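Breakdown of the fold
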Amino acid sequence: MSFLFRLFSSAPKITMADARTKVQQYIDSSPVVVFSKTYCPYCASTKSLLKSFGAKTTILELDQEADGSAMQDALQEISGQRTVPNIFIAQKHIGGNSELQSLDKAGKLQGLLKDAGAL
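We now turn to the structure provided with this report. (Residues numbered from 1 in each chain as written. Predicted model: local features only at pLDDT ≥ 70, side-chain atom pairs only at ≥ 80, totals over all residues. Heavy atoms only, no water.)

What about the environment of Thr21?
Here is the rule we go by: The way it works is that DSSP assigns letters per residue, a run of H or I at least four long becomes a helix, a run of E at least two long becomes a strand, and they are numbered from the N terminus. For this analysis, a polar contact is any N or O atom pair within 3.5 Å, provided that within protein one partner can donate a hydrogen and the other can accept it, and provided that sequence-adjacent residues contribute only side-chain to side-chain pairs.
Its location among the elements puts Thr21 in helix α2 (residues 16–29). Along the backbone, Thr21 and Met71 are 50 residues apart, and their C-alpha atoms lie at a distance of 9.3 Å. Polar side-chain contacts of Thr21 include one of 2.9 Å to the backbone oxygen of Ala17.

Section: the packing of aromatic side chains
So the rule is basically this: Stacked, edge-to-face and tilted are the three classes for Phe, Tyr and Trp ring pairs, Trp counted by its six-membered ring, which pair at centre distances within 6.5 Å; planes under 30 degrees apart are stacked, over 60 edge-to-face, the rest tilted. To sort residues, take the accessible area from a 1.4 Å probe on protein chains only and compare it with the maximum for the residue type: under 20% means buried, over 50% means exposed, and anything in between is partly exposed.
All told, the structure shown has one aromatic pair when counted by the stated rule. When the centroid spacing of 6.1 Å and the interplanar angle of 85° are considered together, the rings of Phe35 and Phe88 count as edge-to-face. One end of the pair, Phe35, is in strand β1 (residues 32–36); the other, Phe88, is in strand β3 (residues 86–89), with 53 residues separating them in the sequence. Since its relative accessible area comes to 0%, Phe35 is described here as buried. Given the relative accessible area of 4%, Phe88 is considered buried.

A closer look at the pairing of strand β2 (residues 58–61)
The condition is simple: Strand pairing is defined by DSSP finding a minimum of two bridges between the two strands.
Strand direction decides the pairing type here: β1 and β2, joined by four bridges, are parallel. Across the sheet, the residue bridging to Val33 is Thr58, located in β2.

Section: the packing of helix α3 (residues 41–53) against helix α5 (residues 97–105)
Using the following cut-off: Simply put, an axis is a line fit to the C-alpha atoms, just over the touching stretch for a helix, and the angle between two N-to-C directions goes from 0 to 180 degrees. Throughout, the term roughly parallel applies to angles under 35 degrees, roughly antiparallel to angles over 145, roughly perpendicular to angles from 65 to 115, and oblique to all others. We call a crossing left-handed when the near helix sits turned anticlockwise from the far one by less than a right angle, and right-handed when that turn is clockwise. Note on contacts: a residue pair qualifies if any of its non-hydrogen atoms lie within 4.5 Å across the two residues. Nonpolar residues are Ala, Val, Leu, Ile, Met, Phe, Trp, Tyr, Cys and Pro. Charged residues are Asp, Glu, Lys and Arg, and all others, Gly as well, are polar.
Relative to each other, α3 and α5 sit at 30°, their axes nearing to 9 Å. Between α3 and α5, the crossing angle belongs to the class labelled roughly parallel. Our pair here, α3 against α5, has a crossing hand that is left-handed. The residues of α5 that touch α3, namely those facing Tyr42, Ser45, Thr46, Leu49, Leu50 and Phe53, are Asn97, Leu100, Gln101 and Asp104. A breakdown of the residues in the contact of α3 with α5 according to their chemical character gives five nonpolar, four polar and one charged.

Everything listed here is a matter of geometry and, on its own, says nothing about what the molecule does.
Structure below.
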C-alpha cells in the first residue's frame, strides 16, 4: 500500500507563488526566454526564427517540466497570456509567435535582440 501512495504522490505540489517566482526568475535572468511545448507548431516556428538569428535563448518546454502547468498558470498572471509560445525579450513580454513574426517582418526583431544582449 505504501508503494501506491508514493507512486501517486511522489511529486510535491508547487504553489502558485513558487511557480510565479520561478517564471519571473527565468524572465529576469535571460535576454530571451520562450515558454514552449515540444509538440506545438507555433513554438517550433518561434524557436526556428530565433535560432536563425543565433539569439541566446532560454527555452522552457512546459510539457516536460514537472511544474509546467503551474508555470503556465503563473504566465497567465504575469503576462495575461496563457498560450504558448509565450515570449519575453529583455524582460518585456512580446506575445506569441504571431507577434514575433510581425516584429521580424517589420525589421525590428534583430534590433530588439541586440538591445537585449542576445546577439
